[in-house]
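Inside the fold
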Amino acid sequence: MHGERWAMLIGVNQCGASVQTPHLRYAERDARAVYELLVDPDTGTFQPADIQLHLGRQAGAAEIKARLRHVALNSGPSDVLFVYFAGHAVMPGWSRQSDAYLATADLDLDALADDPERGLRMAFLRRDVFEVFAGTSFLVLDCCHAGAYVDAALREVDAMGTYGPQIDRHSALLSCPRDAASRESDDVRHGVLTHHLLRALVGEAAGPDGRVSFGQMAQFAVEQNISPMPGQLTQIWGPTTVLTQPSAPRHSRQEPLTRRVPTPARVAPCENPLDRCASSIGHLLERLFREARVPRQGGAPATSKVDRIRLAVEADSVAVVEFTGSGAVVVDATARFGRDELGPLLEQTAAHVFPVRRTSLGYVCTHEAGRRMLCVPVAYDDARALTLVLVDPALSMLEMGEPLAILLRAVWNLTVAEDPLQAEVQVLTALRAAAGRLPLELYEHCFGLYRRLVGSLTMVFQPVISLDRRAKGVGVHSYEALARRTHGDLRAPVDVLQAAHVWGDRFVIERDSVLLAAAIQSYAQADADGPWDMTKPISINVAVRSLLNESYLSAVHSVLDDAHLDPSAVTLEISEQDPIRPAPGEVWPLAPLAYFHRRLTQVARELGISFAVDDFGVGYSSLARMAELPLTQIKVDRAVLHHPLALDELELVTRVARHASDLGRAPAARVVIVEGFDDESPVTLRQLYERRIRFVQGYISQAPAATSLSVLGDAVRERIAALVRGDDDQRSAAAAAGDHRRARPAV
C-alpha cells in the first residue's frame, strides 16, 4: 500500500448483554455522521471502499481487531489510518490495570475474566495497531474513561497529556480523563465532543486554505470549554494531515492530497422508522434467547418466562394480569412485583386495556409517583384481556414503542426453551409482518437464522401407493419428500415453512434450495440402502417464485448431478400457496398462466424434470392451473374427499387428466394422486378405483413417513386390495347418497 487512507469508525449504543450500563442514544448516529463527512464527494478525503463503518450489533470485537491488525501489518510510511469510537468504555473490576475496553456489541465481561484478549482493549489499539502502523495514525475516543488510553505507568493527570514512549506520527483526541464520563446532548442529538468535531469538519475549524486537519479539529474541540475537558495528543504530522476540505479552492482540490478515484453517486434506501431502534431490538433478542441457547447444567431450573422478560427489558418487575370488566387479577409475577403498591394503578388501567382496543398494541401508564407500567395484551376475548405488565422498564426499551409490544406479544405466545432458533425467527417474523420492512441488519440477522433453521429440518419420505384389486398389484409407486422438525414428527413444520412468505422471495428461494438439496441427498442415500432394484420417482415441493429464479434452477441441476440421480425421476410439485402472477412492479410479456407455462416447458426441456400441481382444490391450485400447465401429475388435496360433491369433483379431475391423451396430443393421461387418504376418508378406495384413480398417498399404509424406504408388507397389501374391491364396504351407499358425515370406514 502506498499513499492509502484508511479509516475505522465504530458506534455502539448498547454494549454486550452482560454489561450493566445505561444505553446511549447517539453513538451510532455520531459514527455515521463522521463517516458521511469523510467520504463526502466534494469535501471528504477518504474513499468509501477504504472506510469500515461498524454500528450496533455489527460492531464485533474480533472482526474489528482483525481488520485493524491487517491494515497495520500491511501499511507503508505514506499511509494514513483514522480510528474513531463512540460508545461506552468499561474498566472491569477484576482488572488491576488502568486499561479499559471499548464496549463493542459482543462484549462479555465474564468471558474477559478468563480471556482478557477477547474484547477490544485500548492497549490493543496502542500496542498492536498504532505502534505497528508505519504511516500517520489518528485516534478519537468519545467515550467514558477515554483517558485510560494514557499509559498506566505515568502520573495521574487532570487532563490528557502525553503517554509513555511516544509513537511517532500518531495523534489522539480523548473526550475525558480516565475516571470521568463522556456526555451526550439531546439538544444536538450527538455526543458533546463529536458535535464539536462535526462543526470543525464542516468548516468552522478550516484554515486559510479552506481545509481542516486533525490538529485543527482537535484544537477547535478543546477550545469549546467542554466539561470534562477533552485531552489531545497531537504529534508533528497531526496539524498537516487533512481530513476534510470544505472551502478549499477548486484548483487546489486537484492536488494529490489523497487518492481520488471517480465514484458513482451514493445510493441509500429510504429511511425505515425502525432504524433508530434496530440496535435495541437486536440486544433485546440477545437477552431473551441467550439462556435458551445454553444447556442448563446440573439440572438447574429454567428461568420463568416473566423473569426472562424482566431481565431482557431491564424492568423492575413483570407480571401477567388478567383484566376483566370488573377489575384486574394478577396471574403470575416476578418477585419484586408490588401487588399492594400497584393495585390501584392496575384498577385504573383496566378501563384502557379492557376491552382491548385493537388500534393500539400496548399502553404506557404513568403513576403519580413517577412509576411507569407498559401494558401489552397478549391474549384476549370478549370477557378478558391477558396482559403483560412491565414495571419501570428501561427508557430505551420504552422508546421503541409498538415494536416492543409486538416483540413481547410474540415472545409470550412462543415456547422459547423448546427451540430458541425457531422462536427467534418467529419473533422477528411477527415484527416483519407488522412493520412491513425491517432494518437491514435485522433482516440479514433473520436470514442467517432462517437458513440455519431450515437446514436443521429432517427430510422423510411418504410413499405413493399404487392401487389394484389384487394384493400382488398393490405397491409403492413413488415417494414425496416431506420436511419435519425431527424424525418422529407426524406433522409438517408449517410455521417454519410459511415464515419465508412473510419475508419475500429471497427467503422463499433459500428455503426451497436448502430443502431441495437435503431431499435429493437424503433420498439418494435412502435409495442406495433401500430394497428396490430400480429407483422410484421422488417429488419435492417448490414455490412459484423459486421456479422463476435462475439460482434455484442452477441448484436443481447441481444437486442432481452431485447425487448422480436421473432428472427424469424427479417431479417438482408447485405449491398451492403461491399465486401465479408478477411481483409488484414486475412485468411479464404474456398472460400469467401462459408465461408460466412457457417457463415450465423451458425448464423441463433443459433439466429433464417433471412438474405436478400440488393440493388441487385448496389455495391457488385452481382448475385453470391444473388444465393449462404442462404437468405430468395432478395431486388432489384431502379436502376434496370431504366435500359433498367429492365424487363429481374427482370425475372432473380425471377427465382433465385424460383430455390431452383422448385428443391424441399426449401418449398417456396425466397421473392423478389423491393425497391425505386415511381410514376416516368418506370416499372409498373402491370409488377412487372406479374413477380410474390408481394412486393414493397418506396414512393408507398405516406407517408414518420415514427417512428410509421399505416395501409394503403382505398384510398391508392384502388389506388395501380388499378396500379397492369393496369387501365389506359400509361406506359406498352413504357416499353415493352424499351423506359423508355418517359414512364410516370399513376398518
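Throughout what follows, the structure given in this document is the object of discussion. Because the structure is predicted, anything quoted here is derived from the model rather than measured. (Residues numbered from 1 in each chain as written. Predicted model: local features only at pLDDT ≥ 70, side-chain atom pairs only at ≥ 80, totals over all residues. Heavy atoms only, no water.)

1. Description of the sheet that holds strand β18 (residues 384-391)
The sheet built from five strands is open, its strands ordered β15-β14-β18-β17-β16 with antiparallel pairing. The open sheet has two edge strands with one neighbour each: β15 (327-333) and β16 (363-366). Going from strand to strand, the sheet's axes swing by 30° on average, the running direction of each strand aside. Judged from the seven bridges that link them, strand β17 (residues 372-380) and β18 form a sheet pairing that is antiparallel. Residue Leu-374 lies in a different strand from β18, and its bridge partner there is Leu-390. Strand contacts of helix α8 (residues 305-313): β14 (317-324), β15 and β18, with the helix running at about 120° to β14, the strand carrying the most contacts. Its contacts with the sheet place helix α11 (residues 402-412) against β14, β17 and β18, and it is angled at close to 50° to β17. (Pairing = 2+ DSSP bridges. Helix = DSSP H or I, 4+ residues; strand = E, 2+ residues; numbered from the N terminus. Axes fitted to C-alpha atoms, helices over the stretch in contact; angles between N-to-C directions. Contact = heavy atoms within 4.5 Å.)

2. As for the side chain of Gln-687
In this structure, Gln-687 sits in helix α22 (residues 685-690). Residue Gln-687 is classed as buried on the basis of its relative accessible area, which comes to 6%. There is a polar contact of 2.9 Å between the side chain of Gln-687 and the backbone nitrogen of Thr-684. (Buried < 20%, exposed > 50% of the residue type's maximum accessible area, 1.4 Å probe, protein only. Polar contact = N/O pair within 3.5 Å; in protein donor to acceptor, adjacent residues only side chain to side chain.)

3. Comments concerning the environment of Leu-548
By secondary structure assignment, the location of Leu-548 is in the loop between α16 (544-547) and α17 (550-563). Among the residues examined, Leu-548 registers a relative accessible area of 19% and is labelled buried.

4. Focus: the sheet that holds strand β6 (residues 120-121)
Whenever strands of a sheet pair, they do so through backbone hydrogen bonds, lying parallel or antiparallel. Spatial strand order, β4-β5-β6: three strands in an open sheet with antiparallel pairing. Sheet topology places β4 (89-90) and β6 at the edges, where each strand pairs with a single neighbour. Bridge count between strand β5 (residues 101-102) and β6: two bridges; the pairing is antiparallel. Within β6, the position partnered with Leu-102 by the bridge is Leu-120.

5. Observations concerning the nonpolar core
Ranked by internal contacts, the top residues of the largest apolar core, which has 131 residues, are Leu-388, Leu-547, Leu-572, Leu-685 and Leu-688. Per element, the largest residue contribution to this core is ten residues, and it comes from helix α15 (residues 505-529). (Core = buried A, V, L, I, M, F, W, Y, C linked by side-chain atoms within 4.5 Å.)

6. As for the pattern of salt bridges
What the rule picks out here adds up to 24 salt bridges. Notably, a salt bridge pairs Arg-485 with Asp-419, separated by 2.1 Å at the nearest N-O pair. Here the residue Arg-485 occupies a position in the loop between β20 (475-484) and α14 (494-503), and Asp-419 occupies one in the loop between α11 and α12 (420-435), the gap between them amounting to 66 residues. On the basis of relative accessibility, which here comes to 17%, the residue Asp-419 falls in the buried class. The residue Glu-718 makes a salt bridge to Arg-725 at a minimum N-O spacing of 3.2 Å. By relative accessible area, Glu-718 is classed as partly exposed at 39%. Given a relative accessible area of 32%, Arg-725 falls into the partly exposed group. (Salt bridge = Lys/Arg side-chain N within 4 Å of Asp/Glu carboxyl O.)

7. Considering the pairing of β14
Within a regular strand, the side chains alternate between the two sheet faces. With seven of its eight residues buried, β14 lies for the most part within the structure. Taken together, the eight bridges between β14 and β18 define a ladder with antiparallel strand orientation. Bridged to Phe-323 within β18 is Ala-385. For β14 and β15, the ladder comprises six bridges, and the chain directions are antiparallel. Bridge pairing in β15 places Val-321 opposite Val-330. Here β14 hands over to β15 after two residues, the two strands then running antiparallel side by side.

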